[in-house]
Amino acid sequence: MTPSDSGAHPRFADALRELGLDDLHPQIRRFPDATRTAAEAAAAIGCELSQICKSLIFAADGVPVLVLMDGASRVDVELVRTELGAEKVTRAKAELVRETTGYAIGGVPPFGHRTKTRVLADRSLLDHEIVWAAAGTPYTVFPMEPKALIAHSGGTLVDVREHIS
């Protein structure tokens with residue numbers, strides 16, 4: 001399967017090639033309908049919701065930061081703020097997400113972005129042997145071992161998951 005056959009976004013396909021991950025192209029799954037939410041992606045793949053790796057962009061004092069979070073959890077922005085030593089952390093607007101990553105919300109992969117961004121990866125991703133992440137479009141996902149995914153994204157392992165009491 002060639003990168004164009006996989007359905008992956010061309011920028012993401014280039015990133016796979018640059019990282020020496022060409023063997024992932026055949027593993028990319030393309031769906032007929034967009035899977036813009038973690039729940040939709042999990043249902044389409046047939047995996048647990050927590051096996052979805054969400055790639056979420058936040059603005060920390062106006063600077064974009066990528067947070068990788070399992071699909072069943074929410075990011076605690078206060079923990080992100082503390083982790084970064086920022087004064088204010090907010091969810092990034094769609095324009096900033098596209099400007100920073102080159103991808104639309106719902107299709108942001110964990111790496112292969114337009115600009116170099118700081119990456120925080122929540123420890124909850126390590127609860128699984130394989131996680132699934134977007135391949136640059138809301139229609140495509142790929143599987144990867146969490147430690148490898150975090151390493152390729154340049155992520156720092158943190159605890160930023162919201163804990164509901």
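What counts and how
- Residues numbered from 1 in each chain as written.
- Predicted model: local features only at pLDDT ≥ 70, side-chain atom pairs only at ≥ 80, totals over all residues.
- Heavy atoms only, no water.
- Buried < 20%, exposed > 50% of the residue type's maximum accessible area, 1.4 Å probe, protein only.
- Helix = DSSP H or I, 4+ residues; strand = E, 2+ residues; numbered from the N terminus.
- Arc of directions from axis to C-beta.
- Contact = heavy atoms within 4.5 Å.
- UniProt positions renumbered as here; feature names shortened; annotations may be inferred.
- Pairing = 2+ DSSP bridges.
- Core = buried A, V, L, I, M, F, W, Y, C linked by side-chain atoms within 4.5 Å.
- Salt bridge = Lys/Arg side-chain N within 4 Å of Asp/Glu carboxyl O.

This part takes up helix α3 (residues 38–45). Since there are 3.6 residues in each turn of an α-helix, residues three or four apart along the chain are aligned in direction. For α3, the full list of buried residues reads Ala38, Ala41, Ala42 and Ile45. Burial along α3 is one-sided: seen end-on, the buried residues are contained in an arc of 100°. If you follow the buried residues of α3, they end up packed against β1 (29–30), β2 (52–60), β6 (131–134) and β7 (140–144).

Sequence positions flagged by UniProt for "domain: YbaK/aminoacyl-tRNA synthetase-associated" (unreviewed entry) are, in local numbering, residues 34–149. Structurally, residues 34–149 is divided into 24% helix and 29% strand, and its ends, taken at the C-alpha atoms, are 22 Å apart.

This part is about the pairing of strand β5 (residues 118–122). Among the five residues that make up β5, four are buried, leaving the element largely enclosed by the rest of the structure. The sheet contact formed by β5 and strand β8 (residues 156–158) spans three bridges and is parallel. Counterpart to Asp122 in the pairing with β8 is Val158.

Turning our eyes to something else, we now look at the nonpolar core. As a rule of thumb, soluble globular proteins bury nonpolar side chains together. Phe12, Leu68, Phe142 and Leu149 are the most contacted members of the largest nonpolar core, which has 25 residues in total. Excluding anything up to four places from it in sequence, Phe142 contacts Phe12, Leu24, Gln27, Ile28, Pro110, Phe111, Val131, Trp132, Ala133, Ala134, Ala135 and Leu149. One finds Val67, Met69, Leu84 and Leu120 within the second-largest nonpolar core, a separate group that totals 14 residues.

The buried fraction of β2 is high, at eight of nine residues. Bridge count between β2 and β6: two bridges; the pairing is parallel. Counterpart to Cys53 in the pairing with β6 is Ala133. Relative to strand β3 (residues 63–70), β2 is paired through eight bridges, and the arrangement is antiparallel. In the sheet register, Cys53 faces β3, and the bridge partner there is Asp70. Between β2 and β3, which pair antiparallel in sequence order, lie two residues; one of them, Asp61, sits at a positive phi of approximately 55°. Direction of pairing for β2 relative to strand β4 (residues 89–91): antiparallel, over a ladder of three bridges. When the sheet's bridge partners are listed, Phe58 is paired in β4 with Arg91.

Counted by the stated rule, this structure contains five salt bridges. Arg81 serves as the salt-bridge partner of Glu78, at 2.6 Å between the closest nitrogen and oxygen. On the criterion of helical spacing, the pair formed by Glu78 and Arg81 is a turn pair, its members being three residues apart in helix α4 (residues 77–84). A residue is classified by how much of its surface remains accessible, and Glu78, at 42% relative accessible area, is partly exposed. A salt bridge links Asp159 to Arg123; its shortest N-O distance comes to 3.3 Å. With a gap of 36 residues between them, Asp159 in the segment after β8 and Arg123 in the loop between β5 and β6 connect regions that are remote in the sequence.

So, on to helix α5 (residues 94–101). The set of residues buried in α5 consists of Val97, Thr100 and Thr101. Summarising the axial view, the buried residues of α5 lie within an arc of 80°, below the 170-degree limit, and thus occupy one face. Of the exposed residues in α5, the ones pointing more than 90 degrees away from its buried face are Glu95 and Glu99. Buried-residue contacts for α5 involve α2 (10–18), β2 and β3. One or two residues past the end of α5 sits Gly102, with phi positive at roughly 90°.

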